[in-house]
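Coordinates in review
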Amino acid sequence: MQTKGFSKVSMGIFAALTIIGVACWIYQLIGGLGVTGMSNINSWGAYICVFMLFVGLSAGGLIVASSAHVFGIESFKSVAKPAVICSIVCICVAGMLVLVDMGGIQRVWRMFTGPNPKSPLLWDMCIIITYLVINVLDLFWMQKGDEAKVSKLSYVALPVAILVHSVTAWIFGLQIARAWYTAIMAPIFVASATDSGLALLILSLMLLEKVGLMKLDGDLLASFGKLLATFICVDAFFIGCELLTMGYPGAHEAIALKEMATGATAPFFWAEIIGGLLIPFLLLASPKRRNNRGLVALACALVVLGVACKRVWLLFTSFIHPNVYGAGGVTTGTAAAQSDPTAMWALTGSYAPTVPEVLIVIGVISLGVLGFMVLSNMLLGGKTAAQVA
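Read on for a plain summary of the structure. All of these numbers come straight from a predicted model, not from anything done at the bench.

What follows is about the overall build of the protein. Within the protein, the secondary structure is distributed over 15 helices and two strands. Projected onto the principal axes, the alpha-carbon positions of the protein cover approximately 70 × 50 × 40 Å. For the protein, with 389 residues in total, the buried portion stands at 50%. Pairs at least 24 apart in sequence give 78% of the contacts found in the protein among residues at least 6 apart. When the accessible surface of the protein is totalled, it reaches about 17,500 Å², and 71% of it is carbon and sulfur.

Written as structure tokens, this is what we have:
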């Protein structure tokens, strides 16, 4: 089958967006993190929010590729290579966002010369690097056609794919002073990673078919749709368990639940519950609708957007009410507070990303999309889905 691949025009657009993002990042390096919307109250913002999203999105590719060998699912082998490409790109985007959020990139070497084994941040750095190495090796051996090594690596890749999302969750779940402090945080992250990751993979496969880089089998697509519906149910169950615990009479997290349900983060919470879980499940629950590619694509897009909304309400709800009592509250530490003493103290958190912040996020994501296009053109060109494995 002759292929077209991604056009130079489309790649040029994402390259231009990447350049704009790099320029804004340089501006941030010069001006410091004060050019963002973050403060002492909201110490994490868009960078970490999107980081969480892309760590989860990276799950679908490697889980599908690994399951093909671990569980002997032969049909998954036909999309193993594009699945790993998608996984590599997503985990690279996630890693870049962490570096951007650090601000002082010139001090990143301290993570290697003075690591703190007790810090979940160090665990996350180690597992992300391990995850990336496994993905690269997997893709390399697939390209060489070394099926034996790919099969052996799959038995390591699958648990690492689950562990990378668990470790990311522990960054939040082990903070006793926040509403994130719950043992179910890791299962919630893994569940949302599997459904959003699979949804992104399905969309990526549809895109690759549209540009002529592969042919997607209809039965495989319906099978993926059924699996995605199952993942959505698991994700919804874990969220329900957490909400019940938070809302039980006397629970300390009831304040956070109120903000999620009726407060500042309520639009994102309900967007996920209705738009990211309920509607996609209804679309995928019917075998007839699962055979409709347009409806499957819509369901997948809603799942990804829903998990993006989850990252927003999960991250920012815990920043609304600072865990500091008495005095004037918390010093915001922003540039505006330095020029206006009356704006120095705050009792509740508020956050909005600045223009440079948004452009940096768009630039990093654009670089990831560009990488996906280049790798797909290089490694999938001229092959059908059956030849891609």
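On we go from here.
This next bit is on the nonpolar core. Across soluble globular proteins, nonpolar side chains show a tendency to be buried alongside one another. In terms of nonpolar packing, the biggest core is built from 107 residues, with F172, I202, F224 and L315 touching the most fellow members. In terms of residue count, the dominant contributor to this core is helix α2 (residues 46–70) (17 residues).

So, on to the packing of helix α1 (residues 8–31) against helix α14 (residues 355–380). The geometry of α1 relative to α14 is characterised by a closest axis approach of 7 Å and an angle of 140 degrees between their N-to-C directions. Viewed along their axes, α1 and α14 adopt a mutual orientation that is oblique. For the pair α1 and α14, the crossing hand works out as left-handed. Only P356, L359, I360, I362, G363, S366, L367, V369, L370, M373, V374 and N377 of α14 make contact with α1, whose side of the interface consists of S10, M11, F14, A15, L17, T18, I20, G21, C24, W25, Y27 and Q28.

What describes a pair of aromatic rings is the distance from one ring centre to the other and the angle between the planes of the rings. Going through the model one piece at a time under the given rule, you end up with 12 aromatic pairs. Centroid distance W44 to F172: 5.3 Å. Interplanar angle 70 degrees. Geometry classified as edge-to-face. Of this pair, W44 sits in the loop between α1 and α2 while F172 sits in helix α6 (residues 147–173), placing them 128 residues apart in sequence. Taken individually, W44 and F172 each receive the classification buried, so the pair is uniform in this respect. Each ring, one from W44 and one from W180, has its centre 6.1 Å from the other, and the planes form 25 degrees; the classification is stacked. Pair noted here: W44 is in the loop between α1 and α2 and W180 is in the loop between α6 and α7 (185–210), with a separation of 136 residues, a long-range link.

Look at α7 against helix α12 (residues 293–320): their axes get within 9 Å of each other, and the N-to-C directions meet at 145 degrees. Here α7 and α12 pass one another in a crossing that is left-handed. Residue composition of the contact of α7 with α12, grouped by class: 17 nonpolar, two polar and five charged.

Okay, a nonpolar patch on the surface next. On the surface, V9, I13, L17, I20, V358 and I362 cluster together into a nonpolar patch covering about 480 Å² of accessible area. Among the secondary structure elements, those contributing two or more residues to the nonpolar patch are α1 and α14. At four residues, the largest contribution of residues to the nonpolar patch is made by α1. As for its placement among the helices and strands, V9 is situated in helix α1.

It is worth spelling out the environment of M52 at this point. Relative to the helices and strands, M52 resides in helix α2. Its relative accessible area of 1% is what places M52 among the buried residues. The spacing of M52 and R311 is 259 residues in sequence and 6.7 Å in space, taken between C-alpha atoms. Not counting the four nearest positions on each side in its chain, M52 is found in contact with F172, F189, R311 and L315.

Further remarks concern α7. Between its first and last C-alpha, α7 extends 37 Å over 26 residues, near the 38 Å set by a 1.5 Å rise per residue. For α7, the buried fraction is high: 22 of the 26 residues fall into the buried class. Directly beyond the C-terminal end of α7, a positive phi value near 85 degrees is found at G212.

Let us look at the state of the cysteines. Each disulfide consists of a covalent bond between the sulfur atoms of two cysteine residues. The full count for this structure, using the stated rule, is zero disulfides. Of all cysteine sulfurs, the one in C49 lies closest to C24, which takes part in no disulfide; the gap is 19 Å. Here C49 is not cross-linked by a disulfide; its sulfur's nearest cysteine counterpart is in C309, at 9.1 Å. Relative accessible area serves as the criterion here: at 9%, C49 is assigned to the buried category.

It is worth spelling out the environment of R110 at this point. Tracing the sequence through the fold places R110 in helix α4 (residues 110–113). The spatial distance from the C-alpha of R110 to the C-alpha of K149 is 35 Å, given a sequence separation of 39 residues.

What follows concerns the pattern of salt bridges. On inspection of all chains with the given rule, the structure shows seven salt bridges. For the salt bridge of E209 with K215, the shortest nitrogen-to-oxygen distance reads 3.8 Å. Residue class for E209 comes out buried when judged on its relative accessible area of 18%. Across the pair K310 and D235 runs a salt bridge whose closest N-O atoms are separated by 2.7 Å. Remark: D235 occurs in helix α8 (residues 218–247) and K310 occurs in helix α12; sequence separation between them is 75 residues. Here the salt bridges do not stand alone but share partners, grouping E74, K77 and E147 into one network.

The rules behind each value
Residues numbered from 1 in each chain as written. Predicted model: local features only at pLDDT ≥ 70, side-chain atom pairs only at ≥ 80, totals over all residues. Heavy atoms only, no water. Helix = DSSP H or I, 4+ residues; strand = E, 2+ residues; numbered from the N terminus. Buried < 20%, exposed > 50% of the residue type's maximum accessible area, 1.4 Å probe, protein only. Contact = heavy atoms within 4.5 Å. Areas by Shrake-Rupley, 256 points an atom, 1.4 Å probe, with all protein chains shown as cover. Core = buried A, V, L, I, M, F, W, Y, C linked by side-chain atoms within 4.5 Å. Axes fitted to C-alpha atoms, helices over the stretch in contact; angles between N-to-C directions. Parallel < 35°, antiparallel > 145°, perpendicular 65-115°, else oblique. Left-handed = near helix turned anticlockwise from the far one by under 90°. Phe/Tyr/Trp six-rings, centres within 6.5 Å; stacked < 30°, edge-to-face > 60°. Nonpolar A, V, L, I, M, F, W, Y, C, P; charged D, E, K, R; others polar. Patch = residues over 30% accessible without salt bridge, like charges linked within 9 Å, V, L, I, M, F, W, Y side chains within 5 Å. Salt bridge = Lys/Arg side-chain N within 4 Å of Asp/Glu carboxyl O. Expected span 1.5 Å × (residues − 1). Disulfide = S-S within 2.5 Å.

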